[in-house]
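# Inside the fold
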Amino acid sequence: MRINADTSICIGAGMCALTVPKVFDQSEEDGTVMLLQEEPPAELEEAVRRAVNLCPSGAISIA
């Protein structure tokens, strides 16, 4: 699993960081998504998929 994050469409809702803080964080400057792990371990796959589905702007996706 590889995660893509598009900061140009991120609205800074923070659902990703709240759902999987081991994988996502938010920029202190503008609150947009920051990837801590582009290829998270398999045990986080379900949580990452949940975070992708919760993202209101569609800024994160799985490749």
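One structure accompanies this document, and this report is about it.

In an α-helix, one turn spans 3.6 residues, which is why side chains three or four residues apart end up on the same side. Here helix α2 (residues 45-54) has its buried residues at Ala-47, Val-48, Ala-51 and Val-52. Here the buried residues of α2 occupy an arc of 145° about the axis, which is enough to place them on one side. Exposed residues on α2 whose side chains face more than 90 degrees from its buried face are Glu-46 and Asn-53. In the core, the buried residues of α2 are packed alongside β1 (3-5), α1 (15-19), β2 (24-26) and β4 (60-62).

Quick look at the pattern of salt bridges now. Under the counting rule described, the total for this entry stands at four salt bridges. Two residues, Glu-46 and Arg-50, come together in a salt bridge whose shortest N-O distance is 4.0 Å. Residue Glu-46 and its partner Arg-50 are both found in helix α2; the two are separated by four residues, about one turn of the helix. Connected through shared salt-bridge partners, Arg-2, Glu-38 and Glu-39 make up one network.

On to the state of the cysteines, then. The final tally for this structure, using the stated rule, is zero disulfides. Unpaired in this structure, Cys-10 has its nearest cysteine sulfur neighbour in Cys-55, at a distance of 6.3 Å.

Okay, a negative patch on the surface next. Where like charges cluster on the molecular surface, the negative patch consists of Asp-25, Glu-28, Glu-29 and Asp-30. One can find Asp-30 in the loop between β2 and β3 (33-35).

The rules we used
- The residue count restarts for each chain, going from 1 along the sequence in the order it is written.
- For a predicted model such as this one, the threshold for reporting local features is a pLDDT of at least 70, and the threshold for listing and counting side-chain atom pairs is 80 or more; totals across whole chains, interfaces and linings nevertheless cover every residue.
- Processing note: side-chain calculations cover all non-hydrogen atoms of the structure and skip hydrogens and water entirely.
- Relative accessible area decides the class of each residue, using a 1.4 Å probe on protein chains only: under 20% of the type maximum gives buried, over 50% gives exposed, and in between gives partly exposed.
- Secondary structure follows DSSP: runs of H or I at least 4 residues long count as helices, runs of E at least 2 residues long count as strands, and numbering of each begins at the N terminus.
- Each direction from the helix axis to a C-beta atom contributes to the arc, which is the arc of those directions.
- Residues are treated as being in contact if the distance between any of their heavy atoms lies within 4.5 Å.
- One speaks of a salt bridge when a side-chain nitrogen belonging to Lys or Arg is within 4 Å of a carboxyl oxygen belonging to Asp or Glu.
- Here, a disulfide means two cysteine sulfur atoms that sit within 2.5 Å of each other.
- A patch consists of residues exposed above 30% relative accessible area that lack any salt bridge, with like charges linked at up to 9 Å and nonpolar side chains (Val, Leu, Ile, Met, Phe, Trp, Tyr) linked at up to 5 Å.
- Only the protein chains shown count as covering a residue, and every accessible area follows the Shrake-Rupley method with a 1.4 Å probe.
- The charge count includes Lys and Arg as positive and Asp and Glu as negative, but it does not include His or the ends of the chains.
- Here the site of a charge means atom NZ of a Lys, CZ of an Arg, CG of an Asp or CD of a Glu.

By themselves, these figures tell us nothing about what the structure is for.
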